[in-house]
Amino acid sequence: MKADRYNPVRVVIVGGGTAGWMTAAGLARLLAPADYDLILIESDEIGTVGVGEATLPHIKTFNELLGIDEAQFMRDTKATFKLGIEFVGWDQPGQSYIHPFGTFGEPWAGVDFQHHWTRAMLAGKDVGPLFDYSYAVQAAARAAFEFPNEDPKSIRSTYSYAYHFDAGLYANFLRGWAIARGVTRIEGKIVDVRRDGGSGDVDRLTLESGAVVEGDVFIDCSGFRSLLLGQTMGVAWNEWSKWLPCDRAMAMPCARTEPLVSYTRATAQRGGWTWRIGLQHRTGNGMVFSSAFCSEDEARETLIGAVDGAPIGEPRLLRFQAGRRAKGWEGNVIGIGLAGGFLEPLESTSIFLIQAAVVDLANLMPTRGGIDRRLADEFNRLYEVHYDRTRDFLVLHYCANRRTGEPLWDHVRNMRLPDSLAHKIALFEACAAAPDYKYGLFSRDSWLAVLIGQGVVPRGYNRLADRLPADELSTRLRDLRRRIRANVDAMTDHAGFVAAYCPAPVPDTPLESAA
Amino acid sequence: MSAPLRNRVVVVGRDAALWLSANVIRAALGASGVTVIAVELPGQLTDADVHATLPPLEALHNQLRIDEAALLRTLGGAFTLGQNFVEAGKAGTAFLHAYGGYGTAIDGRDFFAYWLKARGLGLPVGLEDFSLTAAAARQGRLLIPDDETEKYGRSDYGYHLPAAAYARNLKRLAGDDGITIHQTDAIEVVRGDAGVAAIAFDGQRIEGDLFVDATGDGLLIDALGGARESWKSSFPADRVLVGSAPPFAAIPAYAEIRSHAQGWTGLYPSQAQTHVVQAFASGLCSDEEAYRAAAETAGLALRDATVRRLDPGMRADAWVRNVVAIGQSAAAFDPLHNVDLLAVQSGLIQLLAFYPIASDCCAERAEYNRQMRATYARLRDFQALHYRINTYGGAFWAQARQTGISAELAHRIALFQSRGEIAAYEEESFAPDSWRAFLVGHGLVPDSYLPVIDRTPPEEIKTQFRHMLGFVKEQVLRQPTHDAYLQSIARRGHG
């Protein structure tokens, strides 16, 4: 280890896509400049994947950490608001549900809401779908938007929101932000990686120009190539295609269409699924599919058929495989973003996984004393928790389906599930208990949305719910539904809200997109 | 509904585990039509036994509508704000495990990292000086939380409850609540298709749908088989002596745990007596020697001493077929930190969450067993920590340093040594501040602190520290002394 007690720790970030610039910006904000030199190497010749245009509410925390003005950021990235994801046809054709960024009902008599709902449902009461009891679902269904109320007693406080944005513009935005705060950007392609003969740690990179970049800590944001973590350090890839067989995506934006909805749409298709993300200036579309079940031609045809506006350019193909590295941190190399793992964009988790890794890394960052195995162990423990729990949640969308007769869907319905997921589903069916982690994704309400949405029906509930008299339960359920409906009806529509709060300059600014 | 509801619960056992189980299940599920029948075996407690309870019990008492003042008055119990750990006869070794937070957040980040940094720069102020609870305990006062102190940090407390009287109290509550109570010296477990069909005794036969084994020895669950994991290799003590000593003139608001060559002596003050516990290893020390060591270390005359064997460990599955083991039948703990009632409470709360609605409750049982295994294992880890990292003299403590620990505990210690952080696990019962009290108390100095706190200017940290110390001093002086508060409770009883 070359770091000494007086010089700053040299942190070299390899790759400048969303992962690279989120890492650079996050570390620039969190670490003391006197102690860390932050260097990012990127090449204009290497394109970025531009992971995800849809996000989770956690990104607000990240932007707030950086002190980013929301309206400004939304104008710059042509962003819209997102209250959840609509899943169309995932259980069976003709059916749809919304996974909201919000809660279902409220706990009564100290018991979570779904138990009360299940109790009334099993008693044959006319309770309606669970989704009637989510403010965020009802708001999204009406293409409405407003900021959540800060009074925790208000029904309007029971949700949060995320954004749809242009990921390329977001990376640009963060690049400017990070460089202004002292991150050194080096342009160039890496042609050689040298490892220290003793420790095996990476100690220098050589660029095509012949320039040499030395460092103490290397963060691999090189995307699918995983140049340092995978190729150099040889960390194994745990592949999950036996549970997540999709391995291709085709993307094709189109012109903006109305109405401008406040949710992402994911529509199940024969050989995969298509996404639809409405931004201010255009709509992002794409098809995720499994090459084992769907040809590129079929995917292209499906995608073009699904697009509801004038196409912008030709469909662009991406290849990938679901999985993660056996470790996210090996030696002095940490993989963030696609270099560390990949999960399809079904639940918009890519940017969250980057963010979680950046925050964990900031807390566990090596100091001038050198690389410390114990910090890497903790990083790897958290990395596993994040990836493995997200995986189970994604697999649930596939395995619980009734699209019989379609080979992909028959396959995922019949595959052997991870034990952890099979147990979660069985438990929910038995007694309506949904996973409720203290740490990591996803929340209990998210699990509820997808379990119920995919047609998993509980046959029991927590019997503590019986402490509420049956007629009082009926009254409360009716009142809650009425309260949600009345409040949602009074909301502003999303397009109007965006136009007033954060209109992107029209026509398009010449800001180049890195994607 | 595919299978009939399980509405008849038979709770078999003794002492607090029996009566807490019966009362909690009755209070929570009575409305669901669940009937509770209690079968009481002879108690194993003496008047010297004490429950030194941890903060969560207060919430359980609230659910059972047990009035705190009335309970302490009836039992002659006392409050406790924590436990003071000290090596007997060695000045400067004391540290308090306070049942409250240490310090308050700066810039939205945990206090501890700032303290670590400041200490590295020569700050001479100890961690516990920033704790309202610890400072109050040291001054013989309580800390009654209000909005201001809540904003500063957690200020929780437990009780010292004479155990036999507590069990009698809970039994009375069960009777008042309409729970049918049977008493017997011995039982026979009658097997059936579902697991246990009935409990037979004195010519009677009590049938049930679900059986709770609160016998302490696993009388019911043993009948169904299943593996038990021994924790003997994690704990140096295999015997515990319990005795009674006269009360202190002014009743301390905390327990004191004194280590010495023969093990440790715990002093747990209540109003009528001081309960004394001596943990020791039979290989190093006879019962007689343990008795002398306890009396000498306590500096008090001991009476009514009894010695029991310790066999720490847990069942792989606390719930087998239609029998759920609660308390010692599920997991037997070392006496350190007095986690017994907390384990009973956790076992019951989880049982309520997964109370079987149908007879084929495989998923609920699997989830219950998974969560309880992890919960018990993390409690065990918290106990094992103190033994493993101790810096005390004597053969007992040298042996304790050699005990085996779990991978999770090893990782936690390693991460703390590296960065001062406590790795977060899902089924953890103790707050990070509790873990740090021991790690810091035993003199572990982390190699680094959270780098992200270096963005806060040192002057800002100094100012905040000054405010905190001033706040703690001022708040503690406003608090009633433990004695005054106990007297006011006593008066309320007569009023």
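Because the structure is predicted, anything quoted here is derived from the model rather than measured. (Residues numbered from 1 in each chain as written. Chains lettered and ligands numbered in written order. Predicted model: local features only at pLDDT ≥ 70, side-chain atom pairs only at ≥ 80, totals over all residues. Heavy atoms only, no water.)

## Notes on the overall build of chain B
Looking only at helices and strands, chain B features 16 helices and 22 strands. For 495 residues, the compact-globule estimate of 2.2 N^0.38 gives 23 Å, and chain B sits close to it at 23 Å. Dimensions along the principal axes, computed over C-alpha positions, put chain B at roughly 75 × 50 × 50 Å. In chain B, which comprises 495 residues, the proportion classed as buried is 60%. Contacts in chain B between residues far apart in sequence, at least 24 positions, make up 77% of those at least 6 positions apart. Of the roughly 18,400 Å² of accessible surface on chain B, 49% is carried by carbon and sulfur atoms. Computed over 46 positive and 56 negative side-chain charges, the separation of the two mean positions in chain B equals 2 Å. (Helix = DSSP H or I, 4+ residues; strand = E, 2+ residues; numbered from the N terminus. Rg over C-alpha atoms; globule rule 2.2 N^0.38 Å. Buried < 20%, exposed > 50% of the residue type's maximum accessible area, 1.4 Å probe, protein only. Contact = heavy atoms within 4.5 Å. Areas by Shrake-Rupley, 256 points an atom, 1.4 Å probe, with all protein chains shown as cover. Lys, Arg positive; Asp, Glu negative; His and termini not counted. Charge placed at Lys NZ, Arg CZ, Asp CG, Glu CD.)

## Some points on the packing of aromatic side chains
Under the defined criterion, the tally for this structure stands at 62 aromatic pairs over all chains. Arranged with centres 5.7 Å apart and planes meeting at 45°, the rings of Phe147(A) and Tyr161(A) form a pair that is tilted. Remark: Tyr161(A) occurs in the loop between helix H5 (135–141) and strand S6 (162–164) and Phe147(A) occurs in the loop between H5 and S6; sequence separation between them is 14 residues. Taking 4.9 Å as the distance between ring centres and 90° as the angle between the ring planes, the aromatic pair formed by Tyr392(B) and Trp397(B) counts as edge-to-face. Judged by relative accessible area, Tyr392(B) falls into the buried class, the value being 4%. Aromatic rings pair up to connect Phe73(A), Phe81(A), Phe145(A), Phe147(A), Tyr161(A), Tyr163(A), Phe165(A), Tyr170(A), Phe173(A), Phe497(A) and Tyr501(A) into one cluster. Lying across the ring of Tyr425(B), Arg381(A) places its NZ or CZ 4.4 Å from the centre. Positioned above the aromatic ring of Trp409(A), the side-chain terminus of Arg403(A) is 5.5 Å from the ring centre. (Phe/Tyr/Trp six-rings, centres within 6.5 Å; stacked < 30°, edge-to-face > 60°. Lys NZ or Arg CZ within 6 Å of the ring centre and 35° of its normal.)

## Considering the domain arrangement of chain B
Each domain of chain B was delimited in the assignment, giving domain 1 (8–48 + 55–77 + 161–229 + 312–376), domain 2 (100–155 + 406–477) and domain 3 (234–309). Put simply, the middle of domain 2 of chain B and the middle of domain 3 of chain B, counted by C-alpha atoms, are 30 Å apart. (Domains from an automatic or database assignment.)

## Remarks on the environment of His160(B)
All names here are of chain B. Along the polypeptide, His160 turns up in strand S7 (residues 158–162). Through-space distance from the C-alpha of His160 to that of Gly470 is 30 Å; in sequence the pair is 310 residues apart. For His160, the residues in contact, after removing those within four places along its chain, are Val50, His51, Ala52, Gly77, Ala78, Thr80, Tyr254, Ala255, Tyr268, Pro269 and Ser270. Engagement of the side chain of His160 in a polar contact is seen with the backbone oxygen of Pro269, the distance being 2.8 Å. (Polar contact = N/O pair within 3.5 Å; in protein donor to acceptor, adjacent residues only side chain to side chain.)

## Description of the nonpolar core
In this structure, Leu27(A), Tyr166(B), Trp264(B) and Phe465(B) are the most contacted members of the largest nonpolar core, which totals 313 residues. Looking at this core, the element that brings in the most residues is helix H10 (residues 373–399) of chain A, giving eleven residues. Among all residues touching Leu27(A), those that are not within four sequence positions of it are Val11(A), Leu38(A), Ile219(A), Val358(A), Leu361(A), Ala362(A) and Met365(A). (Core = buried A, V, L, I, M, F, W, Y, C linked by side-chain atoms within 4.5 Å.)

## Regarding the pattern of salt bridges
For the structure shown, the criterion picks out 67 salt bridges over all chains. In this structure, the salt-bridge partner of Arg300(A) is Asp297(A), at a minimum N-O distance of 3.2 Å. Within this pair, Arg300(A) and its partner Asp297(A) are both found in helix H8 (residues 296–306), separated by three residues, close to a single helical turn. A residue is classified by how much of its surface remains accessible, and Asp297(A), at 53% relative accessible area, is exposed. Residues Asp447(B) and Arg374(A) are paired through a salt bridge, measuring 2.6 Å at the closest nitrogen-oxygen approach. (Salt bridge = Lys/Arg side-chain N within 4 Å of Asp/Glu carboxyl O.)

## Remarks on the packing of helix H3 (residues 68–75) of chain B against helix H7 (residues 163–176) of chain B
Residues and elements named next belong to chain B. Contact geometry for H3 and H7: axes closest at 10 Å, N-to-C directions at 130°. As far as their axial angle goes, H7 and H3 are oblique. H3 and H7 meet at a crossing whose hand is right-handed. Taken together, the residues of H7 that come into contact with H3 (itself represented by Leu71, Thr74 and Leu75) are Ala165, Tyr166 and Asn169. Classifying every residue of the contact of H3 with H7 gives four nonpolar, two polar and no charged. (Axes fitted to C-alpha atoms, helices over the stretch in contact; angles between N-to-C directions. Parallel < 35°, antiparallel > 145°, perpendicular 65-115°, else oblique. Left-handed = near helix turned anticlockwise from the far one by under 90°. Nonpolar A, V, L, I, M, F, W, Y, C, P; charged D, E, K, R; others polar.)

## A word on the sheet that holds strand S11 (residues 204–207) of chain B
Residue and element names in this part refer to chain B. Read across the open sheet, the three strands follow the order S9-S10-S11; overall the sheet is antiparallel. The open sheet has two free edges, formed respectively by strand S9 (188–192) and S11, since each of these has just one partner strand. Across this sheet, the average inter-strand angle for adjacent strands is 30°, counted without regard to direction. Strand direction decides the pairing type here: S9 and strand S10 (residues 195–201), joined by five bridges, are antiparallel. In the sheet register, Arg191 faces S10, and the bridge partner there is Val196. (Pairing = 2+ DSSP bridges.)

## Remarks on the pairing of strand S5 (residues 82–87) of chain B
Residues and elements named next belong to chain B. With six of its six residues buried, S5 lies for the most part within the structure. A two-sided burial pattern is seen for S5, the buried positions comprising Gly82, Asn84 and Val86 on one face and Gln83, Phe85 and Glu87 on the other. As paired elements, S5 and strand S6 (residues 95–98) share four bridges and run antiparallel to each other. Note that in S6 the partner of Phe85 across the bridge is Phe95. Taken together, the five bridges between S5 and strand S15 (residues 255–260) define a ladder with parallel strand orientation. For Val86, the partnering residue across the bridge sits in S15 and is Arg258.

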